[in-house]
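# Summary of structural features
Given next are the chains, with one letter for each unit.
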Amino acid sequence: MAGQHTRLPPLNALRAFWAVMRQGTFRSAADELLVTPQAISQQIKLLEDTLHVPLFERKARVIEPTEHAIILSHFVQAGFDEFSEGIRRVTNSTYRNRININVSPYFATRYLMERLERFRQRMPGADIRLTTMVNVRDFAADEVDVSIQWGFGNWKEYDVKLLMHDPKIICCSPELAKQISSTADLGRMTLLHPVMARDLWRKVLAHLGLPSMEMAGEIEFQDAATMRRGSISGIGVGLVSKLDALADIKAGTLVAPLGLDILDTMDKKDVPGFYLVVPRAHKRVKIISAFCDWITAEQW
C-alpha cells in the first residue's frame, strides 16, 4: 500500500544473488563467497520466496536469469556500490577531504580552471583530484565523485543540473564558404560533428527547415578542439562553440556563411550544454555537497 515501507530481503540473500549474476553459476558464486553451492541455492530460494518472483530458470546444469533478475541486478549493484563508497569514506581519513572531479576537457580549459581557486578558498582543506574525459565515467569503478559533462542532460540515473548552454555557429573555412549561399547548400557539404552527439546536425537541419535532407558526408570527432581544427582546415562544415567561433571569425580563419545568429532561436532542448552529473548518494558527503553548491551558484 502507498506510504508503507518495502520490506527488504536479507543482505546475505542479496549478496548471493549479486554473486550469481556476476559469476553466471551457483558454483562460481559459492567459490567467490567461500560457501557451498547448496548455501547459495538456499539464499536464492529465500530471496525468491521473499520477493514472490522467480529469479533464475534452471535448465539442466545451466541457469538463466529472468527478466525480474535482470531488473533487480541493476539496483543491487548500485546498492553495494553505495555501501562500498560509504565504508571507504568513513574508514579512510585521507579520503574525507578529497574530491575526485571528472570534467569535459573543453569545460575544464575554457571555464573551470580559472575559477577553481574560488572553491579552494571556500574549502581550504580540499584535496582536489581532477581528470578530463569526454564522457561520464563509471563513478564507482573509477572513484569519481562528481562529473561535468557536455550533452543534453540525458543521465536519468543521476542528479543532473545544467550549468550553461553551449550554443553553436555553423562555420567553415573562407574557401569553403564561397560554395554556400543558402541552407540547401549544406546538403553538398561534409558535415563535422562530435561523436557524443551524432544527431546534432539533424536537429540543426530540422531547425533550418530541412528535416529530411540527405547529407553528402559526415566526419565524427572525439573532442571539440579537433572538430574546430577540421573546420579551419577546410575538410567540412562544423558546428563550432560560439566562444571559439567568434574568435576564429575575427581572426579570419573561419567564416559563418549563413550568419552568426541563424541558430539563436533553436529549441533549448536541442542545444547542448555542460551539466553537473552526480550520483544522488554522493551529495550527502560534505565536500561534494559544497562543490555542487559552489559550481551551481557560479555565473558561467
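You'll find the structure just up there.
Quick notes on the rules
Positions within a chain are numbered from 1, following the residues in the order the chain's sequence is written. Residues qualify for local features only when their pLDDT is at least 70, as the model is predicted, and side-chain atom pairs are given and counted only at 80 or more; totals for whole chains, interfaces and linings, by contrast, use all residues. To obtain the side-chain values, all non-hydrogen atoms of the structure were included, while hydrogens and water were left out. Secondary structure follows DSSP: runs of H or I at least 4 residues long count as helices, runs of E at least 2 residues long count as strands, and numbering of each begins at the N terminus. Between the two quantities, the radius of gyration covers C-alpha atoms and the globule rule is 2.2 Å times the number of residues to the power 0.38. Burial classes: relative accessible area under 20% of the type maximum marks a residue as buried, over 50% as exposed, and values in between as partly exposed (1.4 Å probe, protein chains only). Here, residues are in contact when the closest pair of their heavy atoms is within 4.5 Å. Per-residue and other accessible areas follow the Shrake-Rupley method at a 1.4 Å probe size, with only the shown protein chains counted as cover for residues. In this tally, Asp and Glu contribute negative charge and Lys and Arg positive charge; neither His nor the terminal groups of the chain are included. All charge positions are set by atom: Lys at NZ, Arg at CZ, Asp at CG, Glu at CD. At least two DSSP bridges between two strands are required for those strands to pair. Residue types Ala, Val, Leu, Ile, Met, Phe, Trp, Tyr and Cys, when buried and joined through side-chain atoms within 4.5 Å, form a set referred to as a nonpolar core. Pairs of N or O atoms within 3.5 Å make up the polar contacts considered here, provided that, within protein, one atom can donate a hydrogen while the other can accept it, and that residues adjacent in sequence are counted only when both atoms are side-chain atoms. Comment: axis = line fitted to C-alpha atoms, over the contacting stretch for helices; angle = value between 0 and 180 degrees taken between N-to-C directions. We call two directions roughly parallel when the angle between them is under 35 degrees, roughly antiparallel when it is over 145, roughly perpendicular when it lies between 65 and 115, and oblique otherwise. For a crossing to be left-handed, the near helix must be turned anticlockwise from the far one by less than a right angle; the clockwise case is right-handed. All residues other than Ala, Val, Leu, Ile, Met, Phe, Trp, Tyr, Cys, Pro, Asp, Glu, Lys and Arg, Gly among them, are scored as polar; the first ten of these are nonpolar and the last four charged.

Turning our attention to the overall build of the protein. Helix and strand counts for the protein stand at 11 helices and 11 strands. What you see for the protein is a C-alpha radius of gyration of 25 Å, clearly larger than the 19 Å of a compact globule of 300 residues, by over 25%. Considering only C-alpha atoms, the protein reaches an extent of 75 × 55 × 40 Å along its principal axes. Looking at the 300 residues of the protein, the share that counts as buried comes to 43%. For the protein, the proportion of contacts with a sequence separation of at least 24, taken over those separated by at least 6, is 74%. By element, 52% of the accessible surface of the protein is carried by carbon and sulfur atoms, the whole surface being about 16,500 Å². Positive and negative charge centroids in the protein, built from 37 and 35 side chains respectively, lie 4 Å apart.

Quick look at the environment of Leu 33 now. Mapping Leu 33 onto the fold places it in helix α2 (residues 26–33). Expressed as a C-alpha distance, the spacing of Leu 33 and Asp 127, which sit 94 residues apart in the sequence, is 35 Å. Each residue touching Leu 33, except ones within four places of it in the same chain, is listed here: Arg 15, Ala 16, Ala 19 and Ile 40.

Okay, the pairing of strand β8 (residues 190–194) next. On a regular strand, one side chain projects to one face of the sheet and the next to the other, so that they alternate. With four of its five residues buried, β8 lies for the most part within the structure. Sheet topology places β8 next to strand β9 (residues 217–221); five bridges connect them, and they run parallel. When the sheet's bridge partners are listed, His 193 is paired in β9 with Glu 220. Sheet topology places β8 next to strand β10 (residues 237–241); two bridges connect them, and they run parallel. In the strand pairing of β10, Leu 192 is matched with Gly 238.

Our next topic: the nonpolar core. Counting 53 residues, the largest nonpolar core has Phe 107, Ile 170, Trp 201, Val 237 and Phe 291 as the members making the most contacts within it. Here this core gets seven residues from one element, more than from any other, and that element is helix α11 (residues 286–297). Those residues in contact with Val 237, other than ones at most four positions away along the chain, are Ile 170, Cys 171, Cys 172, Leu 176, Ile 180, Leu 186, Met 189, Thr 190, Leu 191, Leu 192 and Trp 201. Judged by nonpolar contacts, the second largest core, of 20 residues, contains Leu 14, Ala 16, Ala 29 and Phe 56.

A few words now on unusual backbone geometry. One non-glycine residue, Leu 34, lies in the positive phi region at around 60°. One non-glycine residue, His 52, adopts positive backbone phi at about 60°. Mapping His 52 onto the fold places it in the loop between α3 (37–51) and β1 (56–59). Given a relative accessible area of 69%, His 52 falls into the exposed group.

Another point: the side chain of Asn 102. You can see Asn 102 is positioned in strand β3 (residues 98–103). Here the side chain of Asn 102 touches Ser 147 through a polar contact of 3.1 Å, side chain to side chain.

The next thing to look at is the packing of α2 against α3. With their axes 8 Å apart at the nearest point, α2 and α3 run at an angle of 105° to one another. Between α2 and α3, the crossing angle belongs to the class labelled roughly perpendicular. Across the interface between the two elements, Phe 26, Arg 27, Ala 29, Ala 30 and Leu 33 of α2 pack against Pro 37, Ile 40, Ser 41 and Ile 44 of α3.

A few words now on the packing of helix α1 (residues 11–23) against α2. It is at 8 Å that the axes of α1 and α2 come closest, and there the two elements cross at 120°. By the angle class used here, α1 and α2 are oblique. Seen from above, α1 lies across α2 with right-handed handedness. Packed against α1, whose contacting residues are Arg 15, Ala 16, Ala 19, Val 20, Arg 22 and Gln 23, the element α2 presents Phe 26, Ser 28, Ala 29, Glu 32 and Leu 33 at the interface. Its residues placed into classes, the contact of α1 with α2 shows six nonpolar, two polar and three charged.

What follows concerns the sheet that holds strand β4 (residues 127–132). Sheet architecture is open: five strands sit in the order β4-β3-β5-β11-β6, paired in mixed fashion. Looking at which strands have only one partner, the edges of the open sheet turn out to be β4 and β6 (159–165). On average, each strand axis in the sheet is tilted by 20° relative to the strand beside it, whichever way the strands run. Taken together, the six bridges between β3 and β4 define a ladder with parallel strand orientation. Across the sheet, the residue bridging to Asn 100 is Arg 129, located in β4. Packing of α11 onto the sheet brings it into contact with β3, β5 (146–151), β6 and β11 (273–278), and relative to β11 it is tilted by some 160°.

The values are spatial; any link to function lies outside them.
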